[in-house]
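# Examination of the molecular architecture
Read off the chains here:
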Amino acid sequence: MKQKQIGRQQANISGVYRKKIERSKKEEQEHGAGKKDFVVCEKCNAVYYYKSWKHGFADYKHLNQNKNIKFEICPACQMIEDKKFEGKVVFENVPNEYKEDILNNIKNTGERAYKRDPMDRIIEMKESGGNVEVTTTENQLARNIARQVERAHKGAKADIRWSKEESVARIVVRFM
Ligand SMILES: [Zn+2]
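Rules behind the numbers
- Residues numbered from 1 in each chain as written.
- Predicted model: local features only at pLDDT ≥ 70, side-chain atom pairs only at ≥ 80, totals over all residues.
- Helix = DSSP H or I, 4+ residues; strand = E, 2+ residues; numbered from the N terminus.
- Buried ≥ 20, exposed ≤ 12 C-beta atoms within 10 Å, placed from the backbone.
- Core = buried A, V, L, I, M, F, W, Y, C linked by C-beta atoms within 7 Å.
- Contact = placed C-beta atoms within 7 Å.
- Pairing = 2+ DSSP bridges.
- Expected span 1.5 Å × (residues − 1).
- Arc of directions from axis to C-beta.
- Axes fitted to C-alpha atoms, helices over the stretch in contact; angles between N-to-C directions.

### Quick look at the environment of I80
Note on placement: I80 falls in helix α2 (residues 75-81). On the basis of neighbour count, I80 is assigned to the partly exposed category, with 19 C-beta atoms found within 10 Å. With 41 residues separating them along the chain, I80 and R121 place their C-alpha atoms 9.8 Å apart.

Below you can see the structure in the form of structure tokens.
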């Protein structure tokens, strides 16, 4: 189940991306430009090749040849710019004595996800009153953040709601 959702998520991102590529290919044909081998995000420097976004060129096997590089904005940066998100977790009534711990837990989960995939990121962490609100570029990441905190704190209970229209997960984690 988990694997399936991750797969679908990546398919969504690359699906959107494919459309962009198709569009730019058309433009290239019209303008007679050459084939682009890489796309580099001008905001976060993620690099697109072999059908996914990566942190750098480490896995690329033909770097010593002349390659065409195109600069664009990656889907994650685009989402942040458009003020959108795919996952939102609201931690309610976070006990003060655990707050620091929980914030670190959330950050660590976010960093691990980003290391694995540059498209998976925490967008924002907000604190207000006893609540902590986290938005992410990827719904599975929001789920993992909620689950990690739930696992570490016995009093925390997560309630996940998936939006039917969009691939957005909204999760409320309540502390009893
Ligand atoms: Zn980017």
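Back to the text.
### Side note on the nonpolar core
Grouped together as the largest cluster of nonpolar side chains are 30 residues, with contacts concentrated most on V89, F91, A142, I145, A146, V149 and V173. Considering each element in turn, this core owes the most residues, five residues, to helix α4 (residues 139-152). For F91, the residues in contact, after removing those within four places along its chain, are I102, N131, V132, V149 and V173.

### Some words on the pairing of strand β5 (residues 87-92)
Only one face of β5 is buried, namely the one carrying G87, V89 and F91, since none of K88, V90 and E92 on the opposite face is buried. Pairing of β5 with strand β7 (residues 131-136) involves five bridges; the strand directions are antiparallel. Looking across to β7, one finds that V90 is bridged to E133. Where β5 and strand β9 (residues 169-175) come together, six bridges link them in parallel fashion. Bridging across to β9, F91 finds its partner in V173.

### Things to note about helix α3 (residues 96-116)
Along its 21 residues, α3 runs 31 Å from first to last C-alpha, staying within 8% of the 30 Å computed at 1.5 Å per residue. When α3 is considered as a whole, its buried residues turn out to be I102, I106, T109, G110 and A113. The buried side chains of α3 occupy one side of the element, clustering within an arc of 95° when seen end-on. Along α3, exposed side chains directed more than 90 degrees from the buried face belong to E97, E100, N104, N108, E111 and K115. Elements in contact with the buried residues of α3: β5, β6 (122-128), β7 and α4.

### So, the pairing of strand β8 (residues 156-162)
Inspection of the sheet shows β8 paired to β9 by seven bridges, in the antiparallel sense. Pairing of A158 across the sheet is with V173, part of β9. Two successive antiparallel strands, β8 and β9, enclose a turn made up of six residues.

### Considering the sheet that holds β5
Ordered in space as β6-β7-β5-β9-β8, the five strands form an open sheet in which the pairing is mixed. Two strands in the sheet have a free side with no partner beyond their single neighbour: β6 and β8. Strand-to-strand twist of the sheet, defined as the mean angle between neighbouring strand axes without regard to direction, takes the value 15°. Across the sheet, α3 touches β5, β6 and β7, and the angle it forms with β7 is around 5°.

### Focus on the sheet that holds strand β2 (residues 47-49)
Read from one edge of the open sheet, four strands run β3-β2-β1-β4, paired in mixed fashion. The strands lining the two open edges of the sheet, one partner per strand, are β3 (52-54) and β4 (69-72). On average, each strand axis in the sheet is tilted by 30° relative to the strand beside it, whichever way the strands run. Relative to β4, strand β1 (residues 38-41) runs parallel, the two being bridged by four bridges. Looking across to β4, one finds that F38 is bridged to I69.

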